[in-house]
Amino acid sequence: MSDTKPKFLEVYSALKSELLDDPAFEFTDDSRQWVERMLDYNVPGGKLNRGLSVIDSYRLLKDGKELCDDELFLACALGWCIEWLQAYFLVLDDIMDGSHTRRGQPCWFRLPQVGLTAVNDGLILRNQIFRILKKHFRGKPYYVDLLDLFNEVEFQTASGQMIDLITTLQGEKDLSKYSLPIHRRIVQYKTAYYSFYLPVACALLMAGENLDNHSDVKNVLVEMGTYFQVQDDFLDCFGDPEVIGKVGTDIEDFKCSWLVVKALERANEEQKKLLYEKYGKTDPACVAKVKELYQTLDIQGAFAEYESKIYEKMTKQIKGHPSKAVQAVLESFLAKIYKRQK
């Protein structure tokens, strides 16, 4: 619905006000100002796709019926809990990666007066999720399931980040550690659970469903999240920077990208040697050599083949689901990402 985003942003303001008056902590003017600035800088700045998809999914599970004000508020609140989770991950990820910019502005920890205070800000963001859940969902029959869900997905995401970090240890640039199963594991845990499964799981709980009965839905969404990341890897190298809004640096950053893993799979010994020598170097000539090799190995063709196979597989799985409402949710997710250019 076109009116969802303004309503969603209204709920952010309401949740922020509640958190800044949380009775569990006695705020001073300084601490209240700090938290408000930190929230405004880190939480609502992205595309908000994860949060908004809770509302869209819940609507579809209710067969497209208009939500009452209370239902809409609760769906928005859960959507914001996911955006808070994302903000918490990104604040800490940027410190670990030594990043400079995020969403077109300096990373939070790069601001002169912030620095490593950002670590504690990350912890505050994480804890605020459970303050929101307690205030608005404590009386709901699915409250404990929500707590379990957020705790489990956070654990999976942090574990995915760990695999990513220990696979790409700085100073130990070793391409032999990279393979399709490793890439898949990193992506599945680091991205797919919180970006694709979590919004739908929140909507299912609100609709009174038991998540144990929906492992098939989880599997499709994790597959979709994996496909989404493979697209990201592809666009980083072959996308139009004007369209995607950034210049890709996966080659320079020695990322465990689907492209390099696929190239290693297809390369002969001489081509592998070139990859080992040039991948992860910031010299533009090295980057150009890697891209040239991707062309020679027809990585674009490999991606097109992967995309068409995965689309066919997911479409078949979705069509086989017994619930038309759940089918509609999964189809809407797939339609948003299939053949995307950014």
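Residues numbered from 1 in each chain as written. Predicted model: local features only at pLDDT ≥ 70, side-chain atom pairs only at ≥ 80, totals over all residues. Heavy atoms only, no water.

1. Some words on the overall build of the protein
Then step 1. In terms of helices and strands, the protein carries 14 helices and two strands.
Then step 2. The C-alpha radius of gyration computed for the protein amounts to 21 Å, which stays within 12% of the reference 20 Å derived for 342 residues, consistent with globular compactness.
Then step 3. For the protein, the spread of C-alpha atoms along the three principal axes comes to 65 × 55 × 35 Å.
Then step 4. Sorting the 342 residues of the protein into buried and exposed places 50% on the buried side.
Then step 5. Accessible surface, the protein as shown: approximately 16,900 Å² in total, 52% of it carbon and sulfur.
Then step 6. For the protein, the distance from the average site of its 44 positive side-chain charges to the average site of its 51 negative ones is 2 Å. (Helix = DSSP H or I, 4+ residues; strand = E, 2+ residues; numbered from the N terminus. Rg over C-alpha atoms; globule rule 2.2 N^0.38 Å. Buried < 20%, exposed > 50% of the residue type's maximum accessible area, 1.4 Å probe, protein only. Areas by Shrake-Rupley, 256 points an atom, 1.4 Å probe, with all protein chains shown as cover. Lys, Arg positive; Asp, Glu negative; His and termini not counted. Charge placed at Lys NZ, Arg CZ, Asp CG, Glu CD.)

2. Quick look at the domain arrangement of the protein
Then step 1. Domain annotation of the protein identifies domain 1 (1–139) and domain 2 (140–341).
Then step 2. Just the C-alpha atoms count here: the centres of domain 1 and domain 2 sit 24 Å apart.
Then step 3. Taken together, the contact between domain 1 and domain 2 spans 32 residues of the former and 30 residues of the latter.
Then step 4. Summed over the three residues of domain 1 that lose the most area to domain 2, namely L60, L61 and F89, the buried surface amounts to 20% of that side.
Then step 5. Between domain 1 and domain 2 we count two salt bridges in total.
Then step 6. Measuring nitrogen to oxygen at the nearest pair gives 2.9 Å for the salt bridge that ties R126 to E154.
Then step 7. Remark: the boundary between domain 1 and domain 2 carries eight residue pairs in polar contact (both at pLDDT 80 or more).
Then step 8. Listing elements by their share of the side of domain 1 that touches domain 2, those giving two or more residues are α3 (49–61), α4 (69–97) and α5 (117–137).
Then step 9. When residues in the side of domain 1 that touches domain 2 are grouped by element, the largest group, 14 residues, is from α4.
Then step 10. Residue composition of the side of domain 1 that touches domain 2, grouped by class: 17 nonpolar, five polar and ten charged. (Domains from an automatic or database assignment. Contact = heavy atoms within 4.5 Å. Buried area = accessible area lost by both parts, 1.4 Å probe. Salt bridge = Lys/Arg side-chain N within 4 Å of Asp/Glu carboxyl O. Polar contact = N/O pair within 3.5 Å; in protein donor to acceptor, adjacent residues only side chain to side chain. Nonpolar A, V, L, I, M, F, W, Y, C, P; charged D, E, K, R; others polar.)

3. So, the nonpolar core
Then step 1. The biggest cluster of nonpolar side chains holds 112 residues, and the ones touching the most others in it are W84, L133, F150, M224 and Y294.
Then step 2. The dominant element in this core, judged by the number of residues it contributes, is α4, at 17 residues.
Then step 3. Mapping this core onto the domain boundaries places at least three of its residues in each of domain 1 (1–139) and domain 2 (140–341). (Core = buried A, V, L, I, M, F, W, Y, C linked by side-chain atoms within 4.5 Å.)

4. Some points on the packing of helix α10 (residues 258–266) against helix α11 (residues 269–278)
Then step 1. Orientation of α10 relative to α11, taken along the N-to-C sense of each, is 150°, at an axis distance of 8 Å. By the criterion of interaxial angle, the relationship of α10 to α11 is roughly antiparallel. Residues V260, A263, L264 and R266 of α10 touch α11, and the partners they reach there are Q271, K272, L275 and Y276.
Then step 2. In the contact of α10 with α11, the residues fall into five nonpolar, one polar and two charged. (Axes fitted to C-alpha atoms, helices over the stretch in contact; angles between N-to-C directions. Parallel < 35°, antiparallel > 145°, perpendicular 65-115°, else oblique.)

5. Overview of the packing of aromatic side chains
Then step 1. Counted under the stated rule, the structure contains 21 aromatic pairs.
Then step 2. Taken together, a centroid distance of 5.7 Å and an interplanar angle of 40° make the contact between Y12 and W84 tilted. One end of the pair, Y12, is in helix α1 (residues 4–19); the other, W84, is in helix α4, and 72 residues separate them in sequence.
Then step 3. A relative accessible area of 5% places Y12 in the buried class.
Then step 4. Taking 6.0 Å as the distance between ring centres and 55° as the angle between the ring planes, the aromatic pair formed by F196 and F333 counts as tilted. (Phe/Tyr/Trp six-rings, centres within 6.5 Å; stacked < 30°, edge-to-face > 60°.)

6. Here we look at α3
Then step 1. With 13 residues, α3 should cover 18 Å at 1.5 Å per step; its first-to-last C-alpha distance of 18 Å lies within 8% of that length.
Then step 2. R50, G51, L52, S53, V54, I55, S57, Y58, R59 and L61 are the residues of α3 that are buried.
Then step 3. The inward-facing, buried residues of α3 abut α1, α4, α7 (180–206) and α14 (324–337).
Then step 4. D63 sits one or two positions beyond α3 and adopts a positive phi of about 60°. (Expected span 1.5 Å × (residues − 1).)

7. Considerations on the packing of α7 against α14
Then step 1. It is at 12 Å that the axes of α7 and α14 come closest, and there the two elements cross at 150°. In terms of their interaxial angle, α7 and α14 are classed as roughly antiparallel. In this structure, α7 crosses over α14, and the sense of that crossing is right-handed. Where α7 abuts α14, its residues F196, P199, V200 and L204 lie against V326, V329, F333 and I337.
Then step 2. The residue inventory of the contact of α7 with α14, partitioned by class, reads eight nonpolar, no polar and no charged. (Left-handed = near helix turned anticlockwise from the far one by under 90°.)

8. Regarding a positive patch on the surface
Then step 1. Side chains of K47, R103, K246, K255 and K342 sit close together on the surface and give a patch of like positive charge.
Then step 2. Topologically, K342 is positioned in the segment after α14.
Then step 3. Given a relative accessible area of 65%, K342 falls into the exposed group. (Patch = residues over 30% accessible without salt bridge, like charges linked within 9 Å, V, L, I, M, F, W, Y side chains within 5 Å.)

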